[in-house]
Amino acid sequence: MYDKDLQQGNASLSIPNIQITDEGNYRCFVIFTPDSGSATSTLQVSVKPQMRLSYDRQIEDGITGSVHCEVSNFYPEAVKIRWVKSSKSNSRNSPLERDNSVIFRNSDGTFSETSELIVEPTTGPEPGDVLFCIVSHRSLEEEMTLSFTMP
């Protein structure tokens, strides 16, 4: 805060280069004799996730394999990852159950999660079907989506 700003009634707080550790409640208390006032503000920090899709080469050979949806460097921890299959044969979208999901905290305070989908050649998606990994997070205006087409 600068004296010039205070003289004009501006008691705002500026936090340059906001970090995750800056998240929380901030209270401002101003005394202008004989009056005084206070206000509390809550700062929520959000970091948008990055996404990457990878798969085991075995899928191409008709062997059981897996597709991985890696969602990284997001904050806060609450993230939703879901899988959807778009079938080439009947043009319907159907939700898929993910088989494994691992979340961990990075050294910078952000989080990363990997969701694994096991693909069985006999009971799983057929060649040409498209698998979608869809991510929802408070930092996103709309869901992020990556896709994988079955060979």
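Look up a bit, the structure's there.
Residues numbered from 1 in each chain as written. Predicted model: local features only at pLDDT ≥ 70, side-chain atom pairs only at ≥ 80, totals over all residues. Heavy atoms only, no water.

Novice: Got a minute to help me understand the sheet that holds strand E4 (residues 65–74) in this structure?
Specialist: The strands making up a sheet associate through backbone hydrogen bonding, with each pair oriented either parallel or antiparallel. If you walk across this open sheet you meet the four strands as E3-E4-E8-E7, and the pairing is antiparallel. Every other strand in the sheet has two partners, leaving strand E3 (50–55) and strand E7 (100–105) as the edge strands with one partner each. Averaged over all neighbouring strand pairs, the angle between strand axes comes to 15°, with direction disregarded. In the sheet, E3 pairs with E4 via six bridges, with the strands oriented antiparallel. By the bridge assignment, methionine 51 is partnered in E4 with valine 71. (Pairing = 2+ DSSP bridges. Helix = DSSP H or I, 4+ residues; strand = E, 2+ residues; numbered from the N terminus. Axes fitted to C-alpha atoms, helices over the stretch in contact; angles between N-to-C directions.)

Novice: Quick question: what am I supposed to make of the state of the cysteines here?
Specialist: The final tally for this structure, using the stated rule, is one disulfide. A disulfide bridge connects cysteine 69 with cysteine 133, and the sulfur atoms are separated by 1.9 Å. Across the disulfide from cysteine 69 to cysteine 133, rotation about the S-S bond amounts to roughly -80°, and the bridge is consequently left-handed. Linking cysteine 69 in strand E4 with cysteine 133 in strand E9 (residues 130–136), this pair joins segments that are 64 residues apart in sequence. Side by side, cysteine 69 and cysteine 133 carry an identical accessibility label, which is buried. (Disulfide = S-S within 2.5 Å. Buried < 20%, exposed > 50% of the residue type's maximum accessible area, 1.4 Å probe, protein only.)

Novice: For this particular structure, what's the right way to read the pattern of salt bridges?
Specialist: Should their charged atoms come close, side chains of opposite charge can pair. Under the counting rule described, the total for this entry stands at three salt bridges. Note that glutamate 23 is salt-bridged to arginine 138, the shortest N-O span being 3.3 Å. Taken together, the residues glutamate 23 in the loop between helix H1 (3–7) and strand E1 (24–32) and arginine 138 in the loop between E9 and strand E10 (144–149) connect sequence positions 115 residues apart. Looking at glutamate 23, the relative accessible area reads 29%, which means it is partly exposed. With a relative accessible area of 40%, arginine 138 lands in the partly exposed category. A salt bridge links glutamate 143 to arginine 82; its shortest N-O distance comes to 3.1 Å. With glutamate 143 in the loop between E9 and E10 and arginine 82 in strand E5 (residues 80–86), this residue pair connects regions lying 61 residues apart in the sequence. What makes glutamate 143 partly exposed here is its relative accessible area of 40%. (Salt bridge = Lys/Arg side-chain N within 4 Å of Asp/Glu carboxyl O.)

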